[in-house]
Amino acid sequence: MIHAAVMGYGTIGSGVAEILDRNSVQITEAAGEEVALKYVLDLRDFPGSPVEDKIVHDFSVIEQDADVSVVVEAMGGLNPAYPFVKACLMAGKHVVTSNKALVAAHGTELLAIAREHQVNFLFEASVGGGIPIIRPLYRCLKGEVIEEITGILNGTTNYILTRMDRAGVSFEAALKEAQDMGYAERNPEADVEGHDTCRKIAILTAMATGKEVNYEDIYTEGITRITDVDFQYAEKLGASVKLFGSSRIDGEQVHAWVAPVMIGRDHVLYSVSDVFNGVMVKGNMVGTTMFYGSGAGKLPTASAVVADIIAAVRHKNMNIAIGWSEERQTIAPMDTSSYRYFVRVDGNCEENRSRVEAVFGKAELTVLDGLDEFAFVTEKMTEAAFKEKAVEFDSACQAFGKKGILQMIRAEL
Ligand code: HSE
């Protein structure tokens, strides 16, 4: 029998306890032996709950109990998750986590400690919740040169953007709805500013390149500046706007970024809506693959944690080759990456249309009834080239009392 401990009895931790109980027959068969939950670490007591008699408040009880060989970290955040996880690995215990902040910030060190102690540090649930994506990268796609990973990696923002698209509501109204539904936090910054997606694409990029990625090197833009008017244009263009975390890998040149992108109906991620996540992985041999499902939530995320517990038990005396080395991956500056750009321009007048043609070249223009503005989509160019043209265009417009560019959204149309 394997004794396990769960640190943190919140949404994910309680989901893990529930699955270990409800699916115990399948789990015993898959792991080759019974997995028994011995401790649940939390500051709170949970009288009347199924884990009432397993609650401990002192981490050292878990750390010092040699019978506990697998520890689940479901506390979130870095403190005390980081020192606790490190201590568990150093005590020779396998650790499974759903904590992307921990993996993105300290994954390199924790993976190295796990290797040194011949235990496992597994984090399938840290990206894409219940969607298998980490394991496919180190198992099924291991023979590939990964060329691109692009994902809708945050359910909260995907829900907000879906509501803006389908119901025509503003960002603020959609955010309020997401909060009322329990999808968005009262302080939604980590989701809407793209920080959550940034940690996740950092982890996926490190998995794909085999090198450490500093999430602070990843250009990150959230969805707070996307408006209902942008979606009205998108509808006319047969498009939508999604928040992408993306890595484009060309040998040593790696671009990794988080930003809203306008995509057409033929894009493989177009139909990933509501709170769902989707991840597209392109390999040089396999071509395009897609992973889709629930990227958050109690049981989907806990399901991925439980699968990692089983993997740890199956490999209890060996370290699974997963993760990345200590070598740092250079992330290329955002200015060197190329896109098309959806651009909205103030003032639907002949002069402005001529200025667009003079600066950006011939482009098909889209207008919305009742608005003194228009939009167009540029040819593909680098961010640096776009910025230069935008400055030139804005100063030409502003000389005549117009605002120039009102909005820019990168486009894959
Ligand atoms: N806030 C995250 C989301 C939770 O909305 O996807 C899962 O990481």
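Small disclaimer: the values here were computed from a predicted structure and weren't measured.

**Considerations on helix α14 (residues 383-398)**
Its 16 residues give α14 an end-to-end C-alpha distance of 22 Å, which sits within 8% of 22 Å, the value for a rise of 1.5 Å per residue. Taken together, the buried positions of α14 are occupied by Glu383, Phe386, Ala390, Phe393, Asp394 and Cys397. The buried side chains of α14 occupy one side of the element, clustering within an arc of 100° when seen end-on. Exposed positions of α14 whose direction lies more than 90 degrees from the buried face are Glu388 and Val391. Each element contacted by the buried residues of α14 is listed here: β13 (338-346), α13 (350-360), β16 (381-382) and β17 (405-412).

**Considering the nonpolar core**
Core analysis: the largest hydrophobic core is formed by 115 residues, its most contacted members being Val16, Phe121, Phe123, Ile134, Leu204 and Ile309. Per-element accounting of this core gives the leading share, nine residues, to helix α12 (residues 298-314). If we skip the residues at most four places from it in the chain, Ile309 touches Val16, Leu20, Val35, Val70, Val72 and Val96.

**Remarks on helix α1 (residues 11-22)**
End to end, α1 covers 16 Å across 12 residues, agreeing with the expected 16 Å (1.5 Å per residue, within 8%). Those residues of α1 that are buried lie in contact with β1 (2-7), α2 (24-31), β2 (35-41), β4 (68-73) and α12.

**Some thoughts on the domain arrangement of the chain**
Domain parsing of the chain yields domain 1 (2-129 + 299-314), domain 2 (144-293) and domain 3 (335-412). On a C-alpha basis, the centroid separation for the pair domain 2 and domain 3 is 24 Å. Contact with domain 2, which involves 23 residues of that partner, is made by 19 residues of domain 3. For the domain 2 and domain 3 pair, buried surface summed over both sides reaches about 1700 Å², with 54% attributable to carbon and sulfur atoms. Three residues stand out in domain 2 for area buried against domain 3, namely Arg225, Tyr233 and Met262, and they jointly supply 35% of the buried area on that side. Put simply, domain 2 and domain 3 have three salt bridges between them. Measuring nitrogen to oxygen at the nearest pair gives 3.1 Å for the salt bridge that ties Arg410 to Glu221. Where domain 2 meets domain 3, there are 14 residue pairs in polar contact (both at pLDDT 80 or more).

Parameters at a glance
Residues numbered from 1 in each chain as written. Predicted model: local features only at pLDDT ≥ 70, side-chain atom pairs only at ≥ 80, totals over all residues. Heavy atoms only, no water. Helix = DSSP H or I, 4+ residues; strand = E, 2+ residues; numbered from the N terminus. Expected span 1.5 Å × (residues − 1). Buried < 20%, exposed > 50% of the residue type's maximum accessible area, 1.4 Å probe, protein only. Arc of directions from axis to C-beta. Contact = heavy atoms within 4.5 Å. Core = buried A, V, L, I, M, F, W, Y, C linked by side-chain atoms within 4.5 Å. Domains from an automatic or database assignment. Buried area = accessible area lost by both parts, 1.4 Å probe. Salt bridge = Lys/Arg side-chain N within 4 Å of Asp/Glu carboxyl O. Polar contact = N/O pair within 3.5 Å; in protein donor to acceptor, adjacent residues only side chain to side chain.

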